[in-house]
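# Residue-level structural notes
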Amino acid sequence: MLLNSFLYLFLFLPVVALGYYYLGRAKATRFAQAFLLAVSLAFYAYAKPEYLPVLVGSILFNCWVAHRICRQPLPGPRKAWLYAALTINVLLLAAFKYSGPLLGHIGQAVGLGIDLGHLEFPLGISFFTLTQVMFLVDCYQGFAQPVSLFDHATSVAFFPCISSGPITRIAELQPQLHQELPGEDRARQACHGLFLLALGLTKKVVLADTLAQIVNVGWGSVGHLSCIEAWTFSFAYTFQMYFDFSGYTDMAMGSAWLLGIQIPKNFNAPYLATSISEFWQRWHMSLTHFITNYLYTPILRSFGKATLATSAVATILAMTIAGVWHGSAWTYVIWGVMHGVALAVNQIWKRRKLKMSRGLGWLLTFLWVNATLVVFRAPSVTSALDMLKAMLPSANLADLTTLLTAKPPSVTLSLTAVAVGIAIVFLTKTPSWARAQALKLNFLSVVATSSLLLLSFLYLNSTSAKTFVYFAF
Amino acid sequence: MDRESVIRELDPIFQDILDQPELTLSSESNASNVDGWDSLAHVNLVMAIEQQMRIRFALGELQTLKNVGEMADLIIKKRQRS
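Residues numbered from 1 in each chain as written. Chains lettered and ligands numbered in written order. Predicted model: local features only at pLDDT ≥ 70, side-chain atom pairs only at ≥ 80, totals over all residues. Heavy atoms only, no water.

Here we take up unusual backbone geometry. Residue and element names in this part refer to chain A. Following Gly165, the chain continues into Pro166 via a peptide bond in cis, with omega recorded as 5 degrees. When you line up the elements, Pro166 lands in the loop between helix H8 (159–162) and helix H9 (170–173). Even without being a glycine, Ala269 presents a positive backbone phi close to 50 degrees. Along the chain, Ala269 turns up in the loop between helix H11 (227–258) and helix H12 (276–282). Under the relative-accessibility criterion, Ala269 is labelled buried at 9%. (Helix = DSSP H or I, 4+ residues; strand = E, 2+ residues; numbered from the N terminus. Buried < 20%, exposed > 50% of the residue type's maximum accessible area, 1.4 Å probe, protein only.)

Laid out in structure tokens, this is it:
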């Protein structure tokens, strides 16, 4: 089920929020949790019920292994259980995400010349696998304790996070299932959540979807673009990606707040970052946390000593794995390597105490992120190279033929909204969630929330709901 | 064993890894107010502390530490457990 659909906004979410609230208020917290688990599984099964057994199987397996790990008194068997479980999780992910393309490559290499197909993978598999991998490692290291199957399942399947994160620790979510917030706090949090949901929905349907129409035209004519067009389309995707993904996260977080539950923050003004390392502290923060703690640190520790060279290798390796996690295409691998190399250069720069003005740092960071997103968006490496080549000054500098065909419907309204959205990205450091947290509940906030929702509904009504970019991962 | 004494034990480790012989830590010392404490130094600090104090940090708990005071509290907890 899409978060930006009338079904979710007018039926699913209100029924779930009210049901969860009233069951909780009737001191029936276990019933409230059972209700939450049931609706989360229904939410997951809505699009493709045939993939529900994958989620349920993953939950049953990982919960069982977590208990096995913690029951083992000897370090050897504990480690064996952990490694076996990690291998099975990675194999499950690989079977769905990489087996089709991999078999296709092998088929080509051995000259079979047949298309071995591509398995469509279950929604959110990358996210619920990471959540549980993190949990198993935490259990192994004594940082977390296994929980009941009921709590484990409710935390992993929690509907606001199941499709695209934020990657949430079970240990963070699980205690919140048993807490009862005082009525006044609960009501205030729900109002803040509704505002955040409205902000996220606006980002998605008004800004990201408008930009998507422009971007799609650009990528449809990638071999025939002028330099100015190529830059415009690349910037359009850079903003589409931000509005889409941060819009989704705002909606997920807003939905969770409506239930009185906190989930991790994922974005904090990333396009204001003045270095690539600062960018990753502000972009997809829950993934950055995973990469830093569960990939980069163990890789670096395995080298025995952290030097500039070993750190560079660990950084590039960790970011390449993050790229592969996104998908099997070479474009994702290159995207990961590009970020890894930039982070390694940034680290060397800082260690050598070399100076750069904040303005130049911001410009280089933004342009590099823009270039990496060209590769990320490209349907193939050849297309990515074509787009990057078109961005270099050439004889075809300022032809606007393709750009002028990329006009969205109701041009003035859409482009004004996009211009205001982009101005807000650059002019304000306050992320949506902080804005929502600081919201004073008065007549003005009611007008603001209603206006954003109304505007979004108008857009939603005029077009079919488009899926979020990160649903593809 | 209290927080202050653990922080004094941490002083020489930080001085060595960050190459600052005069460095004196406080509870509030953190990556943003101690020169040279970047992600690379952080991993070296963690490895050195683990080696010298014979404890092991979990990967997940490293990120939760906000300053040296919290690090000292965690070290006390780990020593009591072992």
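Having seen it, we continue.
Here we take up the domain arrangement of chain A. All names here are of chain A. Here the domain parsing of chain A yields domain 1 (6–179) and domain 2 (187–466). The partner domain 2 presents 32 residues to the 37 residues of domain 1 that form the contact. Surface buried jointly by domain 1 and domain 2 totals about 2,700 Å² across both partners, of which 71% is contributed by carbon and sulfur atoms. Taken as a group, Phe6, Leu9 and Pro166 account for 19% of the area that domain 1 buries against domain 2, more than any other trio of residues on that side. Along the contact surface separating domain 1 from domain 2 lie zero salt bridges. If you look at where domain 1 meets domain 2, you find 13 residue pairs in polar contact (both at pLDDT 80 or more). Counting only elements with at least two residues in the side of domain 1 that touches domain 2, the list comes to helix H1 (6–25), helix H4 (75–97), helix H5 (99–109), helix H6 (125–140), H8 and H9. (Domains from an automatic or database assignment. Contact = heavy atoms within 4.5 Å. Buried area = accessible area lost by both parts, 1.4 Å probe. Salt bridge = Lys/Arg side-chain N within 4 Å of Asp/Glu carboxyl O. Polar contact = N/O pair within 3.5 Å; in protein donor to acceptor, adjacent residues only side chain to side chain.)

All names here are of chain A. The tally for this structure, following the rule as stated, stands at 38 aromatic pairs over all chains. Look at Tyr8 and Phe43: their rings are 6.1 Å apart centre to centre, the planes differ by 65 degrees, and that puts the pair in the edge-to-face class. Linking Tyr8 in helix H1 with Phe43 in helix H2 (residues 29–47), this pair joins segments that are 35 residues apart in sequence. Judged by relative accessible area, Phe43 falls into the buried class, the value being 0%. Ring centres of Phe279 and Trp283 lie 5.4 Å apart, and the angle between their planes is 20 degrees; on these two criteria the pair is classed as stacked. The exposure classification of Phe279 matches that of Trp283, with both residues buried. (Phe/Tyr/Trp six-rings, centres within 6.5 Å; stacked < 30°, edge-to-face > 60°.)

To continue, consider the side chain of Arg78 of chain A. Along the chain, Arg78 of chain A turns up in helix H4. Although Arg78 of chain A is buried, it forms no salt bridge, and the closest oppositely charged side chain is Asp138 of chain A at an N-O distance of 11 Å. (Lys, Arg positive; Asp, Glu negative; His and termini not counted.)

Attention shifts here to a nonpolar patch on the surface. All names here are of chain A. On the surface, a cluster of nonpolar side chains totalling about 570 Å² of accessible area is made up of Trp349, Leu354, Met356, Leu360, Leu363, Leu364 and Leu367. Element by element, the count of residues in the nonpolar patch is highest for helix H16 (residues 358–377), at four residues. Structurally, the position occupied by Trp349 is in helix H15 (residues 330–351). (Patch = residues over 30% accessible without salt bridge, like charges linked within 9 Å, V, L, I, M, F, W, Y side chains within 5 Å. Areas by Shrake-Rupley, 256 points an atom, 1.4 Å probe, with all protein chains shown as cover.)

All names here are of chain A. Axis separation between helix H3 (residues 52–71) and H4 bottoms out at 9 Å; the angle between their running directions is 165 degrees. In terms of their interaxial angle, H3 and H4 are classed as roughly antiparallel. Our pair here, H3 against H4, has a crossing hand that is left-handed. Facing Val54, Ser58, Phe61, Asn62, Trp64, Val65, Arg68, Ile69 and Cys70 of H3, the residues of H4 in contact are Arg78, Trp81, Leu82, Ala85, Ile88, Asn89, Leu92 and Phe96. Counted by class, the contact of H3 with H4 contains twelve nonpolar, three polar and two charged residues. (Axes fitted to C-alpha atoms, helices over the stretch in contact; angles between N-to-C directions. Parallel < 35°, antiparallel > 145°, perpendicular 65-115°, else oblique. Left-handed = near helix turned anticlockwise from the far one by under 90°. Nonpolar A, V, L, I, M, F, W, Y, C, P; charged D, E, K, R; others polar.)

Residues and elements named next belong to chain A. Mapping Asn370 onto the fold places it in helix H16. A polar contact is formed between the side chain of Asn370 and the side chain of Thr238, at a distance of 2.5 Å. Contact partners of Asn370, with chain neighbours within four places excluded, come to Trp231, Ser234, Phe235, Thr238 and Met391.

Looking now at the pattern of salt bridges. Counted under the stated rule, the structure contains 15 salt bridges over all chains. One salt bridge connects Glu50 of chain B with Arg301 of chain A, and the closest N-O pair in it is separated by 2.4 Å. Remark: Arg301 of chain A occurs in helix H13 (residues 285–302) and Glu50 of chain B occurs in helix H2 (residues 39–53); the pair is interchain, linking two chains. There is no split in this pair, since Glu50 of chain B and Arg301 of chain A are both buried. The partner of Glu9 of chain B in a salt bridge is Arg79 of chain B, with the nearest N and O atoms 2.8 Å apart. Placement of Glu9 of chain B in helix H1 (residues 3–17) and of Arg79 of chain B in helix H4 (residues 68–81) is noted, with a sequence separation of 70 residues between them. Owing to a relative accessible area of 22%, Arg79 of chain B belongs among the partly exposed residues under this scheme. By sharing partners, the salt bridges in this structure join Glu184, Asp185 and Arg188 of chain A into a single network.

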